[in-house]
Number of protein chains: 4
Amino acid sequence: MVVGVIGAAGYAGAELVRLLSGHPHVGSLSLGTVSLEGERIENVYPNFLGKISSPLVKPEEVVAASDLVFAALPHGVGETYARTCLEKGVSFIDLSADFRFDDDEETFKAWYGKGYVIPELRKRSVYGLPELNRQKILDLKKDGPVIIGNPGCYPTGASLGVFPALAEGIAAPGTIIVDAASGVTGGGREPQRSFHFPECTDSVSAYKVGAHRHTPEISRNLAEMASRSGRKAPSLIFTPHLAPMNRGILSTIYISLLKEWQAGGEPASAPRPPSKDIEAKVAGIRQIYAAFYKDEPFVRVLPQGVTASTGRVRQSNFCDISVNMDQGGTTLIVVTAIDNMVKGAAGQAVQSMNILMGFGESEGLTAIPALF
Amino acid sequence: MVVGVIGAAGYAGAELVRLLSGHPHVGSLSLGTVSLEGERIENVYPNFLGKISSPLVKPEEVVAASDLVFAALPHGVGETYARTCLEKGVSFIDLSADFRFDDDEETFKAWYGKGYVIPELRKRSVYGLPELNRQKILDLKKDGPVIIGNPGCYPTGASLGVFPALAEGIAAPGTIIVDAASGVTGGGREPQRSFHFPECTDSVSAYKVGAHRHTPEISRNLAEMASRSGRKAPSLIFTPHLAPMNRGILSTIYISLLKEWQAGGEPASAPRPPSKDIEAKVAGIRQIYAAFYKDEPFVRVLPQGVTASTGRVRQSNFCDISVNMDQGGTTLIVVTAIDNMVKGAAGQAVQSMNILMGFGESEGLTAIPALF
Amino acid sequence: MVVGVIGAAGYAGAELVRLLSGHPHVGSLSLGTVSLEGERIENVYPNFLGKISSPLVKPEEVVAASDLVFAALPHGVGETYARTCLEKGVSFIDLSADFRFDDDEETFKAWYGKGYVIPELRKRSVYGLPELNRQKILDLKKDGPVIIGNPGCYPTGASLGVFPALAEGIAAPGTIIVDAASGVTGGGREPQRSFHFPECTDSVSAYKVGAHRHTPEISRNLAEMASRSGRKAPSLIFTPHLAPMNRGILSTIYISLLKEWQAGGEPASAPRPPSKDIEAKVAGIRQIYAAFYKDEPFVRVLPQGVTASTGRVRQSNFCDISVNMDQGGTTLIVVTAIDNMVKGAAGQAVQSMNILMGFGESEGLTAIPALF
Amino acid sequence: MVVGVIGAAGYAGAELVRLLSGHPHVGSLSLGTVSLEGERIENVYPNFLGKISSPLVKPEEVVAASDLVFAALPHGVGETYARTCLEKGVSFIDLSADFRFDDDEETFKAWYGKGYVIPELRKRSVYGLPELNRQKILDLKKDGPVIIGNPGCYPTGASLGVFPALAEGIAAPGTIIVDAASGVTGGGREPQRSFHFPECTDSVSAYKVGAHRHTPEISRNLAEMASRSGRKAPSLIFTPHLAPMNRGILSTIYISLLKEWQAGGEPASAPRPPSKDIEAKVAGIRQIYAAFYKDEPFVRVLPQGVTASTGRVRQSNFCDISVNMDQGGTTLIVVTAIDNMVKGAAGQAVQSMNILMGFGESEGLTAIPALF
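Numbering of residues begins from 1 in every chain and follows the order in which that chain's sequence is written. Labels are handed out in written order, letters beginning with A for the chains and numbers beginning with 1 for the ligands. Local features are withheld for residues below a pLDDT of 70 in this predicted model, meaning they are given only at 70 or higher, and side-chain atom pairs are given and counted only at 80 or more; totals for whole chains, interfaces and linings count all residues. Hydrogens and waters are ignored; side-chain quantities use all the structure's heavy atoms.

## Examining the overall build of chain A
- For chain A, the helix and strand inventory stands at eleven helices and 14 strands.
- For 372 residues, the compact-globule estimate of 2.2 N^0.38 gives 21 Å, and the C-alpha radius of gyration of chain A, at 21 Å, lies within 12% of that figure.
- For chain A, the spread of C-alpha atoms along the principal axes amounts to about 65 × 45 × 40 Å.
- The buried share of chain A, taken over its 372 residues, is 65%.
- It only takes one pair of heavy atoms within 4.5 Å for two residues to be counted as in contact. Excluding contacts between residues fewer than 6 apart, the proportion of contacts in chain A whose partners are at least 24 apart in sequence is 71%.
- What sets the accessible areas is the Shrake-Rupley method with a 1.4 Å probe; for residues, cover comes only from the shown protein chains. When the accessible surface of chain A is split by element, carbon and sulfur atoms take 50% of a total near 11500 Å².
- Side-chain charges in chain A split into 35 positive and 38 negative, and the spacing between the mean points of these groups amounts to 2 Å. Numbering of helices and strands runs from the N terminus, with a helix taken as a DSSP run of H or I at least four residues long and a strand as a DSSP run of E at least two residues long. Only C-alpha atoms enter the radius of gyration; for comparison, a globular chain is expected to reach 2.2 Å times N to the power 0.38, where N is the number of residues. When accessible area is computed with a 1.4 Å probe and restricted to protein chains, residues below 20% of their type maximum are described as buried, those above 50% as exposed, and intermediate ones as partly exposed. Charge assignment in this entry is limited to Lys and Arg as positive and Asp and Glu as negative, and neither His nor the chain termini are counted. For the purpose of locating charges, the reference atoms are NZ of Lys, CZ of Arg, CG of Asp and CD of Glu.

## Observations concerning the interface of chain B and chain C
- Of the residues lining the interface, 19 residues belong to chain B; the matching set on chain C comes to 19 residues.
- Roughly 1700 Å² is buried in total at the junction of chain B and chain C, and carbon and sulfur atoms are behind 56% of that figure.
- The term buried area refers to how much accessible surface (probe radius 1.4 Å) is lost by two components on association, counted for both of them together. Area buried by chain B at its contact with chain C is led by Arg193, His196 and Phe197 of chain B, which between them contribute 41% of it.
- Notably, a salt bridge pairs Arg193 of chain C with Glu190 of chain B, separated by 3.0 Å at the nearest N-O pair.
- Within 3.5 Å is the distance limit for a polar contact, defined as a pair of N or O atoms, with the added protein rule that one can donate a hydrogen and the other accept it, and that residues adjacent in sequence qualify only through two side-chain atoms. Run the count over chain B and chain C and you get ten residue pairs in polar contact (both at pLDDT 80 or more).
- Considering every element that reaches the side of chain B that touches chain C, the biggest residue donor is helix H8 (residues 197–200) of chain B, with four residues. A pairing counts as a salt bridge when a side-chain nitrogen of Lys or Arg comes within 4 Å of a carboxyl oxygen of Asp or Glu.

## A look at the sheet that holds strand E1 (residues 2–6) of chain A
Residues and elements named next belong to chain A.
- If you walk across this open sheet you meet the seven strands as E3-E2-E1-E4-E5-E7-E6, and the pairing is parallel. Here the strands that pair on one side only, and so sit at the sheet edges, are strand E3 (56–57) and strand E6 (125–127).
- As paired elements, E1 and strand E2 (residues 28–32) share five bridges and run parallel to each other. Across the sheet, residue Gly4 finds its bridge partner in E2, namely Ser30. Each pair of strands is called paired provided DSSP finds at least two bridges between the two strands.

## Quick notes on the relation of the copies chain D and chain C
- The superposition of copies rests on a least-squares fit of C-alpha positions from residues with pLDDT of 70 or more in both. Mapping chain D onto chain C calls for a screw motion: a turn of 180° about the axis and a shift of 0.0 Å along it, with 0.0 Å RMSD after fitting. Such values leave the two copies arranged in the relation of a two-fold axis. No C-alpha of chain D lies nearer the rotation axis than that of Pro244 of chain D, which sits 3.2 Å from it.
- Both copies present the same face, since 100% of the interface residues in chain D are matched by interface residues at the equivalent positions in chain C.

## Focus: the environment of Glu199 of chain C
- Within the fold, Glu199 of chain C resides in helix H8 (residues 197–200).
- Overall, the relative accessible area of 33% leaves Glu199 of chain C in the partly exposed class.
- Between the C-alpha atoms of Glu199 of chain C and Ala226 of chain C, which are 27 residues apart in sequence, the distance is 40 Å.
- If sequence neighbours within four positions are ignored, Glu199 of chain C has contacts with Tyr11 and Arg189 of chain B together with Arg193 of chain C.
- At 2.5 Å, the side chain of Glu199 of chain C forms a polar contact with the side chain of Tyr11 of chain B.

## Quick word on the side chain of Ser96 of chain B
Residue and element names in this part refer to chain B.
- In this structure, Ser96 sits in the loop between strand E5 (91–94) and helix H5 (105–112).
- The class for Ser96 is buried, based on a relative accessible area of 1%.
- Among residues more than four places away in sequence, those in contact with Ser96 are Ala71, Leu73, Pro74, His75 and Asn150.

## Focus on helix H4 (residues 79–87) of chain A
Residue and element names in this part refer to chain A.
- Within H4, the full set of buried residues consists of Glu79, Tyr81, Ala82, Cys85 and Leu86. Along H4, the residues classed as buried sweep out an arc of 160° about the axis, all on the same side.
- Contacts from the buried residues of H4 go to E1, helix H3 (59–65), strand E4 (68–71), strand E5 (91–94) and strand E7 (147–149).
- Just downstream of H4, Gly89 is the residue with a positive phi angle, here 85°. Throughout, the arc means the angular range of directions from the helix axis out to the C-beta atoms.

## Remarks on the pattern of salt bridges
- Inspection of every chain in the model, using the stated rule, returns 64 salt bridges over all chains.
- A salt bridge links Arg247 of chain A to Asp339 of chain A, with the shortest nitrogen-to-oxygen separation between them at 2.7 Å. With Arg247 of chain A in the loop between strand E10 (235–242) and strand E11 (249–257) and Asp339 of chain A in the loop between strand E14 (331–338) and helix H11 (342–357), the pair connects residues that are 92 residues apart, well separated along the chain.
- Ionic pairing is found between Asp277 of chain C and Lys281 of chain C, a salt bridge with its closest N-O pair at 3.7 Å. One end of the pair is Asp277 of chain C and the other is Lys281 of chain C, both in helix H10 (residues 276–292) and four residues apart, which spans about a single turn.
- Residue Asp277 of chain C is classed as partly exposed on the basis of its relative accessible area, which comes to 33%.
- Judged by relative accessible area, Lys281 of chain C falls into the partly exposed class, the value being 21%.
- Residues joined in a network through salt bridges with shared partners are Glu15, Arg18, Arg247 and Asp339 of chain A.

## Some points on the relation of the copies chain B and chain C
- Note on the copies: chain B fits chain C at an RMSD of 0.0 Å, the axial shift is 0.0 Å, and the rotation between them is 180°.
- Both copies share a contact surface, since 100% of the interface residues of chain B are interface residues in chain C too.

## Some thoughts on the packing of helix H7 (residues 153–167) of chain B against helix H9 (residues 214–228) of chain B
All names here are of chain B.
- Helix axes use the C-alpha atoms of the stretch in contact, all axes being lines fitted to C-alpha atoms, and the angles between their N-to-C directions lie in the range 0 to 180 degrees. Two elements in contact, H7 and H9, have axes whose closest approach is 9 Å; the angle formed by their N-to-C orientations is 25°. With respect to each other, H7 and H9 are oriented roughly parallel. Classified by chirality, the crossing of H9 by H7 is right-handed. In this structure, H7 uses Cys153, Tyr154, Pro155, Ala158, Ser159, Val162, Phe163, Leu166 and Ala167 to contact H9, whose residues at the interface are His214, Glu217, Ile218, Asn221, Leu222, Met225 and Ala226. Roughly parallel here means an angle under 35 degrees, roughly antiparallel means over 145, roughly perpendicular means 65 to 115, and every remaining angle is called oblique. What makes a crossing left-handed is the near helix being turned counterclockwise from the far one by less than a right angle; a clockwise turn instead makes it right-handed.

## What to know about the interface of chain D and chain C
- Contact residues are listed per partner, giving 53 residues for chain D and 53 residues for chain C.
- Of the roughly 4200 Å² buried between chain D and chain C, counting both surfaces, carbon and sulfur atoms make up 57%.
- The interface formed by chain D and chain C holds 24 residue pairs in polar contact (both at pLDDT 80 or more) in total.
- Mapped by element, the contributors of at least two residues to the side of chain D that touches chain C are helix H5 (105–112), strand E8 (171–182), strand E9 (205–206), helix H9 (214–228), strand E10 (235–242), strand E11 (249–257), strand E13 (319–325) and strand E14 (331–338) of chain D.
- With five residues, E10 of chain D is the single largest residue contributor to the side of chain D that touches chain C.

## Describing the packing of helix H1 (residues 11–21) of chain B against helix H11 (residues 342–357) of chain B
Residue and element names in this part refer to chain B.
- Taken N-terminus to C-terminus, the directions of H1 and H11 make an angle of 45°; their axes are 9 Å apart at the nearest point. One way to sum up the angle between H1 and H11 is to call them oblique. In this structure, H1 meets H11 at a crossing whose hand is right-handed. Contacts from Ala12, Glu15, Leu16, Leu19 and Leu20 of H1 reach H11 at Val342, Ala345, Ala346, Gly347, Ala349, Val350 and Met353.
- Tallied by class, the residues present in the contact of H1 with H11 amount to ten nonpolar, one polar and one charged. Side-chain classes are defined by residue name, with Ala, Val, Leu, Ile, Met, Phe, Trp, Tyr, Cys and Pro counting as nonpolar, Asp, Glu, Lys and Arg as charged, and the others, Gly among them, as polar.

## Focus on the packing of aromatic side chains
Residue and element names in this part refer to chain D.
- Ring pairs shown here join Phe, Tyr and Trp side chains whose ring centres sit within 6.5 Å, with only the six-membered ring taken for Trp; geometry is labelled stacked below 30 degrees between planes, edge-to-face above 60, and tilted in between. Per the counting criterion, the structure on display carries 38 aromatic pairs over all chains.
- Between Phe108 and Tyr112, the aromatic rings sit 4.9 Å apart at their centres with planes inclined by 10°, giving stacked as the arrangement. Of the two residues, Phe108 and Tyr112 are both situated in helix H5; the distance of four residues between them amounts to about one turn of the helix.
- On the basis of relative accessibility, which here comes to 1%, the residue Phe108 falls in the buried class.
- On the basis of relative accessible area, Tyr112 is assigned to the buried category, the value being 6%.
- Taken together, a centroid distance of 4.9 Å and an interplanar angle of 90° make the contact between Phe292 and Tyr293 edge-to-face.

## Describing the environment of Leu160 of chain A
- Mapped onto the fold, Leu160 of chain A is located in helix H7 (residues 153–167).
- Leave out the neighbours within four places in its chain, and Leu160 of chain A touches Glu131, Tyr293, Val299, Cys319, Ile321 and Lys343 of chain A.

## Here we look at the pairing of strand E5 (residues 91–94) of chain C
All names here are of chain C.
- Going residue by residue along E5, you find Ser91 and Ile93 tucked away on one face and Phe92 and Asp94 tucked away on the opposite face as well.
- When strand E4 (residues 68–71) meets E5, the two strands line up parallel, connected through four bridges. When the sheet's bridge partners are listed, Leu68 is paired in E5 with Ser91.
- You can see the chain leave E4, run along helix H4 (residues 79–87) and come back into E5, and the turn it takes is right-handed.
- Two strands pair when backbone bridges link them, and E5 and strand E7 (residues 147–149) are joined in this way by three bridges, in the parallel orientation. For Ile93, the partnering residue across the bridge sits in E7 and is Ile148. If the strands point away from the viewer and the path from the first strand over the helix to the second runs clockwise, then the crossover is right-handed.

And the structure:
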């Protein structure tokens, strides 16, 4: 199989190239670019020397040569390539936001500042969070080639942390807070002041408070999961932070508990250390989370006492989840960790390819998290 | 004036030494240790070579020699030195948790695992968060030497971010969430696996979720501020994180708004970009915060559009505060940044000394935040 | 094949476990410890959860169960296990310094402070730097099980950078200087003040100047290579540095050039930008380096204009080499980069196993360097 | 006194602003820019909020308003401002390379690619390394306003490490090697790919090997010092590296010893641990270094056993120097550490101002190195 990657010189694209190079079902790669035509991938990333060698060609050439196409392009740029792919009978996996909102063009427009280029493509597109939409991907592909809108990085870690609480009736109606920190690769390859080493090293900051584009995507995912189990969509508050690390997203999520899941009655204004009651309730919820994800190859519900840390999923496609409760016994505190470039981008896209092509879902994604 | 520092070889103690060395009213220093007797401070910290030169002596010698004593010791170790100080008419500024809970020994015991050594010392002690208790310090010192319980690092950044919302009737009754990230110096000088470079660099993690000892201290501060304006104490959820940086604490704080401060009505399940209404409300709240702190020398309410970042308070005694709102218009999101070793420890202790001794409150604390 | 790892809980041991888990010829692992008996590897390293699950048993049990044994133990601890292995007909790959000096016990004693425990084991041991001793390994194994002394991290990067200059008559007789910087994982898993995050982050320092134990190992390697081509052994100066990064060693190596390889005559006291002559000479030497390593699977002689960087070999078994000359045209400046935990430790040990067992030399070591 | 800073928005300029704000003899600041006219310094650097507030005006306005002018501009931009200053009787301290080469325009042109704009300004300029040219500054100012060419960052740390060996007859004739690592602030404020966080964090690399512009400046300094004591100028090899830290330059310097300073005879091909003889010789040389710098307020020759580290001079104007020898006893290994933004740029410029204006040389530069 020839697999194409358009936008191969960006961080997500290059990570795709790295992962696909080790995939047992990928025969060869066709790499495309919109800005570095004529360059070679191993010159852009000398890490690849001796392992991957390929020119960067026009996107059109990639589409023409490939049996499956990934695109890691800025929002709004890839739709015509997607159309061409569908026309020639080839599926298209898109890492931009263009296909994350299905036919809800209004939300897309409100947050991304422009409308869809070819709205009708959404008839053949699906939001590719496997833990939410694996079946949808399988259903859609029965009728021919599909477009997969690969999820954003923050939405992946946030949604996976909340899903079981919504699906299993643990969350009380109301507001869910997602407080997340991302590594700097999330800002992409182009130098910018915010990601200039002296500006961001040795410092943590919040940014786009109450205004980040991933908010509606997370919100939609939560609404979808709530709806499937007949519950009301929660409200969402999402605050992203920049942390001085290369990769990874840690999400700390606050979910009000339904009465039956609370421990120790009313929230106490003078809090106290965790009670036996809280420990028991947390153990129960942890069990439910573990059961919910028991068939998922890339979700690890951590043992009690181990808290999610981005360092523990480094270079892997895992989403780690740890479950705790506040001292008052009224709020579930879920912490999730992903590698933003793998499960949060390129790895998840490969996972969708595997589902789409009928490969083993973990093929090409078997890396054990790097220890350091 | 001879100023003593017991525990001078620990991180907070050494930072105190550094700050006091530049203080215009400090004549000389007497440095004490419980574990490194016979060493010299400039050998423990070669940074000090040519600037500070002093033996590390027994705590008793420090007490005997000093007109004012700081202690940066583990919890439960310093009470006898405090008593001796009071007996000889000298004030004692304590950086441990021993004097943070006044006569509430029960809470202290519940969280720190042991009772007070000399409970009656609390008759002469005051919790030294100047923005909360400046007047209390001034009142207490009228009757002779005092003990100041210097606040914890997290409680400083958290409390200052919430106070105006409680005092000025912006916060709705209910739960306040503080999600905070600390630099690694917060773990102290003794090597531990969690703070071993390869274990914590390039990674963010949550720790002691629902179980950190600073929770009751923050909670008590919020209750105190609420009580002063005749309001009910809020509940508190506090989650600490470890970030791969040396200094600093960033606290992101979620406060439900009273109806009159909300914008745009009901929380929307499909969120939207910030509205004009939200911008106006945020501007109003920012004004209230700025007015609340207008006479505080070390609190900077940041201009609209500038978000708090630990890199901007580095090496200074400032607490930066930025004010925002969620897209739903129902929750205030306050972000605060402090240097955990300065405003979160040694600098705040010096600030209390200045108040206590009648010096200008900023003396010895005039450092402009380092740019990098 | 059952492969044993003694000392599996240390950094090098755990990295071995990670690499061996993905090795196509390794059937199962037996993991041993001298300090954490009764623990499980996935509890010590939660990164392994869901991928590797194994108890940590006594070293004796590992030896009894395995068809090949790796040991990543402190110096002087593993010799008896090595003997038992040989006795039962099993090879032993040792990551300590115990078998790096062959029968030169005097040098070992001078630098490591103790003699050999079982000196006669050196009859069956070989220093396992494949680029130097591949043939020796193959020869020795003809007579039965062998012990491989896996090279130190600094000696690997240093030796590979110098070998072609010695073997091909580029280096003038005299002193070679190796100035190298290591990531902090080189200090191992046990917390120590030097590797405590606040002590080593955001700082570079030299250490053990003129006194590092890897000096005689590098020196011996250079002497060996010089001797093979009938040249005099060079003198060596080696200075290690600690850099605030997790993995990697960068070695900058200064080699005086034989007259015929010099450019532009006498060294100029007023230096000038690189001349055409220098560029041509450098291109020629680069060609010689490339030819020298043309059959080596893990040495990359970088294209002109690309300088070695630890970030480009991250997580891989590569040693990158770049070649330059000083402005005076008299000194070759070679820069090499390795991942200290892979080519500098666990990866190289696996490479030796591959040679020893007749596997493809790159099996289990195919990782493309991580981009970030 | 009104002090002007042109280029105040760059890193070196802003660090100057920070230092000058705390200088006891600086009455007010006039801040200029060539690219951000109309902005305010506290908006560019919110760190300054509440401490420094000033518009950024045209350079001409700064010159008109000031009694002394600093310029931190790109090379070749500031000469006309320098001329205007001289004409109005005001001294000019320049942080670019424009005035570092005195009347040696040829060298400047060879390395910086362009000639002097106003060559005759060099009649009134002096290279401002106080430890080399303090007297020259004092002599020149007798005849009116002067221009000071502030040294480059690498040349400062390199030259101070070599001077005593040259002046006191310790160095043998021949080549001196300076292997140095810089923090990323050395690259300035403008975002570039090399200094983009994901490209440079967690990695060390060499750059501009054999081709860095600071080479001729170091070389000239060494020649000058050699000449003063009637010795031949040494050759120089200089290799810069980029290390993942914010501030600081560590220079490791290799100097061949004159026979009388060597220890233990011929260089040994099988090196051995440091001998008593080496220790004694090193102690002697250390004494000579200490004596050489005994009146210098900003050079610390470290005690035996303490090795220079950038973390120990952080935020200060110190240059730390440690002295060692290789195992062979033939080469002196000097390690120096400076903060590249203070002693390597802004601090040294203030030091020159102090000399020029007759202030105490340490005024405004009394900061104790930050501990973390």
